[in-house]
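Chain by chain, the residues:
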Amino acid sequence: MEPGRIELVNARLPLKEEGRLYRLVLEDGAWRSVERQEEGWLAAPEALPIGQAGLGELRGAATVDLQGRTLLPAFVDVHLHLDKAYSLPAVRNRSGTLREAIDNYRAHVAGFSKEELRERIMRGARTAASYGSLLLRTHLDVPLHLGRDVAMRSVEAALEARESLRDIVDLQLFPMFAYEQRRHAELSEFAGETLRMGVDGIGGAPHLTDDPGAGIEWALALAAGADRPVDLHLDETDDPQMRTIGLFCDAVRRHGYGGRATAGHLCSLSAMPQEDAERLIAGMREAGVGAVTLPAVNLYLQGRGDRGNVRRGLTRVKELLEAGVTVAAASDNIQDPFHPFGRGDLLQIGLIGAYAAHLAGEEHVRTVLRMLTEAPAALAGVRNYGVAPGCAASFVVLGAASGEELLQELPSSRWVCRRGGWISASVLRREELSAGAEAFVGKNL
Ligand SMILES: [Zn+2]
């Protein structure tokens, strides 16, 4: 066995081509070759069958037989709140509204120690990695009005977690700065300090502040001055009059920040008249602003004031895609007052998004998978992403034989490899299932 060389046979690559089998070779952390098996199924008696393989066996294998399972480039979850993850037992949300989630979390946040925040971040990140997400962009709560110590706690916790997890998963840290004119100097100094400490970009939720325009301009100026990307929560409301996305696009154009600017949520885009939405979407494409939809969380939080015909809450995913805007789907919150469910599994988010955005046709499967892989990788600025020679060999193998089956079965069995090294194997063992359940997973390889 050559050092750092692994051969994979009988792999399916639904992002490339459905129905065919591939042989792949990786060396020193990067793909060396990706070739279609013209002869069809490859008998490879020397290969380790991946079916029940654990991490130890995988790490010793020079050749692995995927037995017709699906291989995807590692998921990129480009919008998370890992500092809030698993806080639900401590912070509830009786109304299910965004307002109550914010208020209740704010009332508790000073009581969370740095250690507790770090443990929650690490638990969330490890879990997401085990499902196949190897780059996580997490927004961080930095409530400066509660004092600098409280605001700095989540940043320090996240920096420590990022360092501890550096051999498993990559974290991008985006503090959510809340701009207020009267705190301009204090906030700018605090933000500068977090940038010196090593955060990766500028976050915020200007639609929740008194002067969104000033906050957006401040964020762009800060990002441009520090040469970091900007990723804001925008218009997470059913109110059709909330249109800060337009202000964001203007600022992105002024600062020449196309390609490095991301807008999350954009719920009000769905609530406003068609022609207004079309104009704003065209503005996003022209400015080079990417979009992130958070289907699970927005289905949960939005539409709470509606009766009868309850709105779905998420943004106009299909129209953004059709206009040529890069659109990713992401987890947002995991088991906290903003979202009581979720498990850090981006494939589950893809399924929920497929339902909510009517992207469930056969022709849409690849679109959904791209929203979990290539699109967020582009928004996160990942280079050498994909399954092609020269790209980093960071990937997930899933127990399904096609893209459609991924969404049908949400396979539990996943094997995750990061830059050529296996980091996780989660195997669903059929013998643990009852006879009835075994029949149910009959398609689940
Ligand atoms: Zn968010």
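Residues numbered from 1 in each chain as written. Predicted model: local features only at pLDDT ≥ 70, side-chain atom pairs only at ≥ 80, totals over all residues. Heavy atoms only, no water.

Peer 1: Please give an account of the domain arrangement of the protein that cites residues and values.
Peer 2: Split by domain assignment, the protein resolves into domain 1 (5–72 + 386–443) and domain 2 (75–360). The straight-line distance from the C-alpha centre of domain 1 to that of domain 2 is 32 Å. Each side of the interface is counted separately: domain 1 has 17 residues, and domain 2 has 17 residues. Roughly 1,300 Å² is buried in total at the junction of domain 1 and domain 2, and carbon and sulfur atoms are behind 62% of that figure. Of all residues in domain 1, L410, R414 and R418 give up the largest surface area on contact with domain 2, accounting jointly for 43% of the area buried on that side. On inspection of domain 1 and its partner domain 2, the count reaches 3 salt bridges. (Domains from an automatic or database assignment. Contact = heavy atoms within 4.5 Å. Buried area = accessible area lost by both parts, 1.4 Å probe. Salt bridge = Lys/Arg side-chain N within 4 Å of Asp/Glu carboxyl O.)

Peer 1: I'd like a rundown of the packing of helix α7 (residues 244–254) against helix α9 (residues 274–287), residues and numbers included.
Peer 2: One can describe the packing of α7 onto α9 by two numbers: an axis separation of 9 Å at closest approach and a directional angle of 20°. One finds that α7 runs roughly parallel with respect to α9. For the element pair α7 and α9, the recorded crossing hand is left-handed. Contacts from I245, G246, C249, V252 and R253 in α7 reach L280, G283, M284, E286 and A287 in α9. In the contact of α7 with α9, the residues fall into 6 nonpolar, 2 polar and 2 charged. (Axes fitted to C-alpha atoms, helices over the stretch in contact; angles between N-to-C directions. Helix = DSSP H or I, 4+ residues; strand = E, 2+ residues; numbered from the N terminus. Parallel < 35°, antiparallel > 145°, perpendicular 65-115°, else oblique. Left-handed = near helix turned anticlockwise from the far one by under 90°. Nonpolar A, V, L, I, M, F, W, Y, C, P; charged D, E, K, R; others polar.)

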